[in-house]
Each structure stands twice: as structure tokens, then as C-alpha cells.
Amino acid sequence: MTTSRGEQSGPFRVGDRVQLTGPKGRMHTITLEPGKLFHSHKGPIAHDDLIGLPDGSVVANQVGIEYLALRPLLSDFVMSMPRGAAIVYPKDAAQILAQADIFPGATVVEAGVGSGALSLWLLRAIGERGRLHSFERREEFADVARGNVATFHGAVPDNWSITLGDLAEALPETVDEGSVDRVVLDMLAPWECIDEVSRALKPGGVVLCYIATVTQLSRVAEAIRATGEYTEPQSSETMVRGWHVQGLAVRPDHRMIAHTGFLITARRLAPGTVLPELKRRPSKTEFSDEDVEAWTPGALGERQVSAKALRKRVRAADAAARKSAGSDEAGSESAGDLEAPEQESPVSDE
């Protein structure tokens, strides 16, 4: 398996991605190439001035303005990479790894792949001995994800595959029955695939669904219960609030990362196992035909990305991946001719 650029340490080398943070907190991510310049409205920085410096150094541009230089964390990379579809944010990715108990050596199924953000987190968690099977219905999204993963790792990892098509149809053809440790579903209607997921999961395995709305949450919970093959589903959401800490001025930040999605998990029971009935207070659990209509994919809606924007993002991801691969082949002697646009993380001037 190709070593991740995010796992490298030591002095900056040709081909490394470096995150430059300016005096106002604005970030720029560049890929180091001999003889190149990084240009901003505050003046240029020579890549050669960064090559050989220790990680965490401060470098001045040609007009004396200082920038902090660090290798970007995986969370930095996923927030600035080209996107075909909305990404799974780091706060949710962390909870997915924890709640689904993704472990080194695990065989994991992921659907859909989106822009590849969650794929990167899963690949890091399963390690070289694990296997990640990703499924995506849209070829353009798969291309963006493949480019982003190749950019971060320097090449497409050997233990990762993307299968184009509907999960319900492609999963039985890709994995053996009872061979999968964990299944992570990030899709509009995960309840449509629960039967196929049940056949693929090992007893004790975990299914986790990442969904956006309460109607989706309700329907997937009922679909999991209806199979009789899982433990009682558990659902949650994660909200992160930062704090301003400056001397005695200690207060919550004015802005926070609130609702992005719900997580719902359940564990596969052994064949023939009947879950003991839970004792709980009476409540309204029945639902009508009108409720079912509100659960349909059409009613839930799906954010569409224009074809023009998607083609642009595919080109950006592919360019970054080819530059990354070219840097690996050329080493410190030379770099590829392809110049991908510099990426900026979504941090605004204060």
C-alpha cells in the first residue's frame, strides 16, 4: 500500500503538500516543486525556500511578510480538496470511526463515495491489512474521489476499490456473504439496501447510516427493526462549539458547527437469533401511508451539482492526482509539468 503523504514527517521534500498560514489566518495549500513560486497579493514565496525546512517553520516572502508552514492534517486536506458531492465533515468522520468501530485490518463497505473524504478516513483507520470496498452510482463523483485519494496518498491505494452502480445490485457480486466487518452508508435511501447489507455482514458486524433529515432517520430505523436481524438501532448527532481563550477573556465562539447529519448504528445478530423484547412505556409508533410518502426519495430531495461544475472538479482532482504521482516518480530531481490550481481552506480573514 502506498504510504500516505499525511503520515510523512521530517523536512519538507519535493512533492510534499505544505499549508501556508498568513498573518490574518488565511491558509493556502501548495505542492512543492523546485523553481516554482507561490503568488499571493502579499508577495511571492519561493518553493526552494521551503524545501529542506523542518515541518512547523516560519518563512518570509519576498517582501518580508511571514507565513507559518505546516504539512496539512487530513482534516485540512478534506476541507480544501475538490468536491463533486458534499463531504462528510471531520466531526462526523471522527464519530463514524468511533461508533462503527473501524479497526486495523477490517473489511469495510462504503456507499456512496461522494468526493472521497470519508474514504480517506476509513483507509487510514483500516491500515494496510484492511480492505475498503466503495460504491458510487455516479461516475463523475467516483472520478473526483479517486483523484482526491490518489492526491493524498501519492497513488490509488492497493486495498481500495470503487465499484460503479447501485449498492443493492453490486454488493452481492463484489463481496462474499458474511465476509464484511463494517458497512457505512452515506446515501439518500439506505433502507433500500438493508437486506443486501444483512447478507454481507458478519454476525456482530456494524451497519452505520449517515443521513441528513429526521424523515430519513425515522424510515431507516424502522427498516432496520423490521428485518429482525439487528440490535435496537441507536441514533445521534454531533455538534462542535469552539471556545475563544485569550487570557481572562474566555467565552464560546460566536459561530459553531451545528447539525450536519444524523448517525444511526445497529449490530448484526447471529442467524436465527430473536432479540429479547424491550420493555418501554407506551408511545405512538404506528405510521400511516402519508408518513410513508414523506419518506420517499423524491420527497426527501437531493442537492444537484451542475454538470459544468462537476466537470471542473473532476479536472481539478485528476490534475492534483497526476501531479502527486509525478512527484513520486521524479523524486527530488524534477517535478511534473502539470500545474494544478492552489487550494485554499475555508478560513476567512478575521
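Residues numbered from 1 in each chain as written. Predicted model: local features only at pLDDT ≥ 70, side-chain atom pairs only at ≥ 80, totals over all residues. Heavy atoms only, no water.

### Some details on the sheet that holds strand β8 (residues 131-136)
The strands making up a sheet associate through backbone hydrogen bonding, with each pair oriented either parallel or antiparallel. Here is the rule: A pair of strands is labelled paired if DSSP reports no fewer than 2 bridges between them. Helix numbering and strand numbering both begin at the N terminus, where a helix is a DSSP run of H or I of at least 4 residues and a strand a DSSP run of E of at least 2. Note on geometry: axes are lines fitted to C-alpha atoms, helical ones only across the stretch in contact, with angles between N-to-C directions running from 0 to 180 degrees. Any two residues having at least one pair of non-hydrogen atoms within 4.5 Å are treated as being in contact.
Read from one edge of the open sheet, seven strands run β9-β8-β7-β10-β11-β15-β12, paired in mixed fashion. Looking at strand neighbours, the two that pair on one side only are β9 (160-164) and β12 (234-237), the edges of this open sheet. With strand direction ignored, the average angle separating the axes of adjacent strands in the sheet is 15 degrees. With five bridges connecting them, strand β7 (residues 107-111) and β8 associate as parallel partners. Looking at β8, one finds that V109 is bridged to H133. Contacting β11 (201-211), β12 and β15 (262-267), helix α8 (residues 214-227) crosses the sheet at an angle of about 5 degrees to β15.

### With respect to a positive patch on the surface
Test applied: A patch consists of residues whose relative accessible area exceeds 30% and which take part in no salt bridge; residues with like charges are grouped when within 9 Å of each other, and nonpolar side chains (Val, Leu, Ile, Met, Phe, Trp, Tyr) when within 5 Å. Areas reported as accessible are Shrake-Rupley estimates using a 1.4 Å probe. Residue values count occlusion only from the protein chains shown. Salt bridges are defined by distance alone: a side-chain nitrogen of Lys or Arg within 4 Å of a carboxyl oxygen of Asp or Glu. The sign given to each residue is positive for Lys and Arg and negative for Asp and Glu; His and the chain ends receive no count. Note that the charge is assigned to NZ on lysines, CZ on arginines, CG on aspartates and CD on glutamates. The cut-offs for exposure are 20% and 50% of the maximum accessible area for each residue type, with area from a 1.4 Å probe on protein chains only; residues under the lower value are buried, those over the upper are exposed, and the others partly exposed.
Together, K308, R311, K312 and R315 make up a positively charged patch on the protein surface. Residue position: R315 is located in helix α11 (residues 307-330). Judged by relative accessible area, R315 falls into the exposed class, the value being 53%.

### Some thoughts on the pairing of β7
Every other side chain in a regular strand lies on the same face of the sheet, so the side chains alternate between the two faces. Keep this limit in mind: Handedness is read with the strands pointing away from the viewer; a crossover is right-handed when the path from the first strand over the helix to the second is clockwise.
Most of β7 is tucked away: five of the five residues are buried. By the alternation rule, side chains of β7 split into T107, V109 and A111 and V108 and E110, which are all buried. In this view, the connection linking β7 to its parallel neighbour β8 by way of helix α4 (residues 117-126) has right-handed handedness. The pairing of β7 with strand β10 (residues 180-185) spans four bridges and is parallel. Each residue of the ladder has a partner; that of E110, found in β10, is V184.

### Regarding the packing of aromatic side chains
The way to describe two aromatic rings as a pair is by their centre distance and the angle between their planes. The cut-off we apply is this: Classification of ring pairs rests on two measures: the distance between centres of Phe, Tyr or Trp rings, Trp counted by its six-membered ring, which must be within 6.5 Å, and the angle between planes, read as stacked under 30 degrees, edge-to-face over 60 and tilted in between.
A complete count under the given rule lists one aromatic pair for this structure. Judged by centre distance (5.1 Å) and plane angle (50 degrees), the ring pair of F77 and F152 falls under tilted. With F77 in helix α2 (residues 74-80) and F152 in helix α5 (residues 139-153), the pair connects residues that are 75 residues apart, well separated along the chain. There is no split in this pair, since F77 and F152 are both buried.

### What to know about the environment of P233
Summarising the element assignment, P233 is placed in the loop between α8 and β12. For P233, a relative accessible area of 10% gives the class buried.

### Side note on a nonpolar patch on the surface
On the surface, V58, L68 and L70 cluster together into a nonpolar patch covering about 220 Å² of accessible area. Considering the arrangement of structural elements, one finds L68 in strand β6 (residues 66-70).

### Regarding the sheet that holds strand β2 (residues 27-31)
Across the sheet, which stays open at both edges, the four strands sit in the order β2-β1-β6-β5 with antiparallel pairing between neighbours. Since the sheet does not close on itself, it has two edges, and those belong to β2 and β5 (57-60), each with one partner. Ignoring which end each strand starts from, the neighbouring axes of this sheet average 35 degrees apart. One ladder, built from four bridges, connects β5 with β6; its direction is antiparallel. Each bridged residue has a counterpart across the sheet, and for V59 the counterpart in β6 is Y67.

### Regarding the pattern of salt bridges
Where charged atoms from two side chains of opposite charge come close, those side chains can pair. Applying the stated rule across the entire model yields 12 salt bridges. We note a salt bridge from R71 to D55, for which the minimum N-O separation is 3.5 Å. Placement of R71 in the loop between β6 and α2 and of D55 in the loop between α1 (47-50) and β5 is noted, with a sequence separation of 16 residues between them. For R71, a relative accessible area of 10% puts it in the buried group.

### Quick look at the confidence of the model for the chain
Put simply, the rule reads: Confidence scores here are pLDDT values: one per residue, from the predictor, ranging 0 to 100.
On average, residues of the chain carry a pLDDT of 86, and 84% of them reach 70 or more. pLDDT under 50 marks residues 332-350. Its contacts with residues more than four places away, or in other chains, come to 41 contacts.

### Thoughts on the environment of Q19
Within the fold, Q19 resides in strand β1 (residues 17-21). On the accessibility criterion, Q19 (5% relative accessible area) is buried. Setting aside chain neighbours within four positions, we find Q19 in contact with M27, H28, T29, L68, A69, L70, P72 and D76.

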